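# Survey of secondary and tertiary structure
Now for the letters of each chain:
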Amino acid sequence: MHVSQTQTGKIGITVVPTGGALGAEIRNVDLRTIDEGDFAVIRGAWHDHLMLVFREQKLSDEDLIAFSRRFGELDWAPIQESGRRFVEGHPEIYVVSNVVENGVPIGSLGAGEATWHTDMSYLEVPPKASILYALEVPPAGGDTYLNNMYAAYEGLPQELQRRIEGLSLKHDGTYNSGGYLRQGVTAVDDPMTSPGTFHPLVCSHPATRRRALYLGRRRNAYIGGLSLADSESLLDELWSYATRTELAWGHKWRAGDLVLWDNRCTMHRRDSFDAASRRVMHRTQIRGEVAPKP
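Residue positions are counted from 1 within each chain, in the order its sequence is given. Restriction of local features to residues with pLDDT of at least 70 applies here, the model being predicted, together with a cutoff of 80 or more for giving and counting side-chain atom pairs; totals for whole chains, interfaces and linings are based on all residues. Excluding hydrogens and water, the side-chain values take into account all heavy atoms of the structure.

### Describing the pattern of salt bridges
Just so we agree on the cut-off: In what follows, salt bridge is the name for a side-chain nitrogen of Lys or Arg lying within 4 Å of a carboxyl oxygen of Asp or Glu. Categorising residues by exposure relies on relative accessible area from a 1.4 Å probe, with only protein chains included: less than 20% of the type maximum marks a residue as buried, more than 50% marks it as exposed, and the intermediate range marks it as partly exposed.
Within this structure, the stated rule accounts for 20 salt bridges. Across the pair Asp-271 and Arg-269 runs a salt bridge, and its minimum N-O distance is 3.0 Å. On the basis of relative accessibility, which here comes to 22%, the residue Asp-271 falls in the partly exposed class. Classification of Arg-269 by relative accessible area gives buried; the value is 19%. Overlapping salt bridges, with partners in common, bring together Glu-73, Asp-75 and Arg-287 in one network.

This is how it looks when you write it as structure tokens:
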């Protein structure tokens, strides 16, 4: 793999691309002690590679929040299926876990597969980035895959690019990526009437200015102004391009891994794993400055 020639700071931070459709590993860095020069390298690599991996981190919840805030203001964690909201004392941290204590899940999404999605795209202003930090990981399964939505748009036939220009997509607010009903929401399975927020199908990234396909998630999605049949047909076609294997890269977790991705130009999903094993992740999300625009 190619190692970036960009190095800064006392610890010789390096950027090593994955060699796949997106992603890079940031090496020789302790996220508790980075300076402004180190962060400039990290931020630049994030824009270049869409997703970054940091191995062997030893972060407290306070450290995780402090690093996350370097990218901007943080969202508060959404309410989990159990009704719990966040880590006690840290409303910015969302727990992704299958662990049950005293009959109550400590986190969200369980041990099942999580389908392709973009985090919280049903909001008027979705988070621009997500950070996931691994505390405990199962011996097998639970891998996370991300895909490159710049490449998804650029790979569309020109005729299809023209068809979707100016169209908006409703991002469903009924179910989360694990298929669970969101807290306080009534089940609605009609895409034309389900709760959600419309965003342009094609968005321009505010920092890179590159155009990306913005699909959010498939369930209950609806393209405004079309019949349901036409919307479903067009979405099936778009998803067939967006989820091609060559656009994705998979991360096999180790405890201490921190992964940062850009929600404006990626989607992600998770493999299932043995429910008898433990998986505990803490997630923060950086608030978007503005809703995605074409």
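### Here we look at the environment of His-171
Put simply, the rule reads: Helical segments are the DSSP runs of H or I of at least four residues, strand segments are the runs of E of at least two, and each set is numbered from the N terminus. Polar contact is the term for a pair of N or O atoms within 3.5 Å; when the atoms are in protein, one must be able to donate a hydrogen and the other to accept it, and sequence-neighboring residues count only if both atoms are side-chain atoms.
Position of His-171 relative to the elements: it lies in strand 11 (residues 168–172). Relative accessible area serves as the criterion here: at 2%, His-171 is assigned to the buried category. Through-space distance from the C-alpha of His-171 to that of Arg-278 is 31 Å; in sequence the pair is 107 residues apart. A distance of 2.8 Å separates a polar atom in the side chain of His-171 from a polar atom in the side chain of Ser-121.

### Brief notes about the pairing of strand 10 (residues 144–148)
Here is the rule: A pair of strands is treated as paired once DSSP finds two or more bridges between them.
With respect to burial, strand 10 is a largely interior element, 4 of its 5 residues being buried. In terms of strand pairing, strand 10 meets strand 16 (residues 248–251) through 4 bridges, oriented antiparallel. When the bridges of strand 16 are listed, Tyr-145 appears paired with Gly-250. Pairing between strand 10 and strand 18 (residues 266–270): 5 bridges, direction antiparallel. Directly across from Asn-147, in strand 18, lies its bridge partner Met-267.

### Some points on the nonpolar core
As a rule of thumb, soluble globular proteins bury nonpolar side chains together. Test applied: Nonpolar cores were defined as sets of buried Ala, Val, Leu, Ile, Met, Phe, Trp, Tyr and Cys residues, with membership established by side-chain atoms within 4.5 Å. Between two residues, a contact is recorded if the distance between any of their heavy atoms is within 4.5 Å.
Counting 41 residues, the largest nonpolar core has Met-51, Met-149, Ile-164, Leu-201, Leu-213, Leu-215 and Leu-238 as its most contacted members. Broken down by secondary-structure element, the contributors of at least two residues to this core are strand 3 (51–54), strand 4 (94–97), strand 9 (129–136), helix 3 (149–154), helix 4 (158–164), strand 14 (211–213), helix 5 (228–242) and strand 17 (258–262). The element that contributes the greatest number of residues to this core is helix 5, accounting for 5 residues. Contacts of Leu-215, omitting those with residues within four sequence positions, involve Met-149, Leu-169, His-171, Leu-201, Leu-235, Leu-238, Trp-239, Ala-242 and Met-267. Val-29, Leu-74, Val-95 and Val-99 belong to the second largest nonpolar core, which has 32 residues in total.

### Points about the environment of Glu-237
Mapped onto the elements of the fold, Glu-237 is located in helix 5. In this structure Glu-237 comes out as partly exposed when scored by relative accessible area, which is 27%.

### Notes on the sheet that holds strand 11
Within the open sheet, the 3 strands sit side by side as 12-11-15. Their pairing is antiparallel. This sheet does not close on itself; its edge strands, each paired only once, are strand 12 (196–200) and strand 15 (222–223). In this sheet, strand 12 lies alongside strand 11 in antiparallel orientation, the contact comprising 5 bridges. Its bridge partner being in strand 12, Ser-168 is matched across the sheet by Pro-200.

### What about the sheet that holds strand 19 (residues 280–286)?
Backbone hydrogen bonds hold the strands of a sheet together, and the pairing may be parallel or antiparallel. Under the convention used in this document: Axis lines are fitted through C-alpha atoms, for helices just across the contact stretch, and the angle between N-to-C directions can take any value from 0 to 180 degrees.
Strand order in the open sheet formed by 8 strands is 1-2-3-17-9-19-4-7, with mixed pairing between adjacent strands. Lying at the two open borders of the sheet, with one neighbouring strand each, are strand 1 (14–17) and strand 7 (108–109). Relative to strand 2 (residues 24–27), strand 1 runs antiparallel, the two being bridged by 4 bridges. Paired with Val-16 across the two strands is Glu-25, which belongs to strand 2. Across the sheet, helix 1 (residues 36–49) is in contact with strand 1, strand 2, strand 3, strand 9 and strand 17; its angle to strand 3 comes to roughly 130 degrees. Lying on the sheet, helix 2 (residues 61–69) is in contact with strand 3, strand 9, strand 17 and strand 19; it crosses strand 19 at an angle near 30 degrees.

### Quick look at the pairing of strand 4
Here strand 4 shows two buried faces, one formed by Tyr-94 and Val-96 and the other by Val-95 and Ser-97. The pairing of strand 4 with strand 19 spans 4 bridges and is classified as antiparallel. By the bridge assignment, Tyr-94 is partnered in strand 19 with Arg-283.

### Examining helix 1
Going by this rule: Residue count minus one, scaled by 1.5 Å, sets the expected span of a helix. Relevant arc is that of directions from the helix axis to the C-beta atoms, nothing else.
Over its 14 residues, helix 1 extends 20 Å from the first C-alpha to the last, a length consistent with the 20 Å expected when each residue adds 1.5 Å. Of the residues making up helix 1, those classed as buried are Asp-38, Phe-39, Val-41, Ile-42, Ala-45, Trp-46 and His-49. With its buried residues spanning 155 degrees around the axis, helix 1 presents them on a single face. In helix 1, those exposed residues whose orientation departs by more than 90 degrees from the buried face are Glu-36 and Asp-48.

### Section: helix 2
Three or four residues apart is the spacing at which side chains of an α-helix point the same way, because the helix has 3.6 residues per turn. Within helix 2, the full set of buried residues consists of Leu-64, Ile-65, Phe-67 and Ser-68. Taken down its axis, helix 2 places every buried residue within 165 degrees of arc, on the same side. Contacts from the buried residues of helix 2 go to strand 3, strand 9, strand 17 and strand 19.

These results come straight from atomic positions and should not be treated as a statement about function.
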